[in-house]
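Residues per chain are reported as follows:
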Amino acid sequence: NAGVIQTPRHKVTGKGQEATLWCEPISGHSAVFWYRQTIVQGLEFLTYFRNQAPIDDSGMPKERFSAQMPNQSHSTLKIQSTQPQDSAVYLCASSPGTGGTEVFFGKGTRLTVV
Amino acid sequence: GEQVEQLPSILRVQEGSSASINCTYENSASNYFPWYKQEPGENPKLIIDIRSNMERKQTQGLIVLLDKKAKRFSLHITDTQPGDSAMYFCAASANSGTYQRFGTGTKLQVVP
């Protein structure tokens, strides 16, 4: 079990460019979460899927962020027209269920917008 | 009304002493309270958790306490060692198919 796999580990984009982050959850896990980690905000919820269906995207900045889960083995987080304030570590996590179970995090993608 | 507050943000303790981190939550439906440890460059990993049917849980030098009435829970690390230095996050969630809401983290530094 390789755990949750996130690629790339580091990404540098120019302001206004698009960034796509990839996540492969642990096989058999039904829930996939995206969080953003910054020093100031800590672990900030963005969105999550259950059985590939989007359930809650209340943490997503609506205009430029989107997430998809086209199949059970991967999810993507896309940020259009990146801004310097989008610089953060984006963490994907998966769990066997939602709510009262441990979530397993990937190592994250460090996005730097210059 | 679903925030999780965590204090302190930075905690510096002497090796061998105890460290305590406190969290409060707002959602009365919360019934699962995990704690995660994140070492530099690594992903957060679960170290201990407690459910609402318990008030106290202990494992390997870690104690968690839960006060449902006050909507407060805490992590206590006894006999701290340099390897305990890390970021610690508390979280809260409900069984009703929601996500875990995290506190803003505590940076624990154990000094010799």
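Summary of the structure given here. Bear in mind the structure is a predicted one, so any value in this text is a computation, not a measurement.

1. Some points on the overall build of chain B
Okay, step 1: Along its length, chain B carries 0 helices and 11 strands.
Okay, step 2: For chain B, the N- to C-terminal ordering of α and β elements is β-β-β-β-β-β-β-β-β-β-β.
Okay, step 3: Computed over its C-alpha atoms, the radius of gyration of chain B comes to 13 Å, within 12% of the 13 Å expected for a compact globule of 112 residues.
Okay, step 4: Taking the principal axes of its C-alpha atoms as reference, chain B extends roughly 45 × 30 × 20 Å.
Okay, step 5: Within chain B, buried positions represent 46% of all 112 residues.
Okay, step 6: Counting only carbon and sulfur atoms, one obtains 47% of the accessible surface of chain B, whose full area is about 5,500 Å².
Okay, step 7: Taking the average location of the 12 positive side-chain charges in chain B and that of its 11 negative ones, the two points are 4 Å from each other.

2. Topic: the nonpolar core
Residue and element names in this part refer to chain B.
Okay, step 1: Counting 23 residues, the largest nonpolar core has W35, F73, L75 and L108 as its most contacted members.
Okay, step 2: When residues of this core are traced back to their parent elements, those giving at least two are strand 2 (10-14), strand 3 (19-25), strand 4 (32-38), strand 5 (45-51), strand 7 (62-67), strand 8 (72-77), strand 9 (86-92) and strand 11 (106-111).
Okay, step 3: Not counting residues within four places of it along the chain, the set of residues in contact with L108 comprises L11, V13, A19, I77, D84, S85, A86 and Y88.

3. Observations concerning the interface of chain A and chain B
Okay, step 1: The interface of chain A with chain B comprises 23 residues on the first partner and 20 residues on the second.
Okay, step 2: Note on chain A versus chain B: buried area summed over both sides is about 1,600 Å², and carbon and sulfur give 51% of it.
Okay, step 3: At the junction of chain A and chain B, the tally comes to 1 salt bridge.
Okay, step 4: Note that A:K107 and B:E42 form a salt bridge whose closest N and O atoms lie 2.7 Å from each other.
Okay, step 5: For the side of chain A that touches chain B, the secondary structure elements donating two or more residues are strand 4 (31-38) and strand 5 (42-50) of chain A.
Okay, step 6: It is strand 5 of chain A that contributes the most residues to the side of chain A that touches chain B, 5 residues altogether.
Okay, step 7: Across the side of chain A that touches chain B, the residue classes break down as 9 nonpolar, 9 polar and 5 charged.

Thresholds applied
- Residues numbered from 1 in each chain as written.
- Chains lettered and ligands numbered in written order.
- Predicted model: local features only at pLDDT ≥ 70, side-chain atom pairs only at ≥ 80, totals over all residues.
- Heavy atoms only, no water.
- Helix = DSSP H or I, 4+ residues; strand = E, 2+ residues; numbered from the N terminus.
- Rg over C-alpha atoms; globule rule 2.2 N^0.38 Å.
- Buried < 20%, exposed > 50% of the residue type's maximum accessible area, 1.4 Å probe, protein only.
- Areas by Shrake-Rupley, 256 points an atom, 1.4 Å probe, with all protein chains shown as cover.
- Lys, Arg positive; Asp, Glu negative; His and termini not counted.
- Charge placed at Lys NZ, Arg CZ, Asp CG, Glu CD.
- Core = buried A, V, L, I, M, F, W, Y, C linked by side-chain atoms within 4.5 Å.
- Contact = heavy atoms within 4.5 Å.
- Buried area = accessible area lost by both parts, 1.4 Å probe.
- Salt bridge = Lys/Arg side-chain N within 4 Å of Asp/Glu carboxyl O.
- Nonpolar A, V, L, I, M, F, W, Y, C, P; charged D, E, K, R; others polar.

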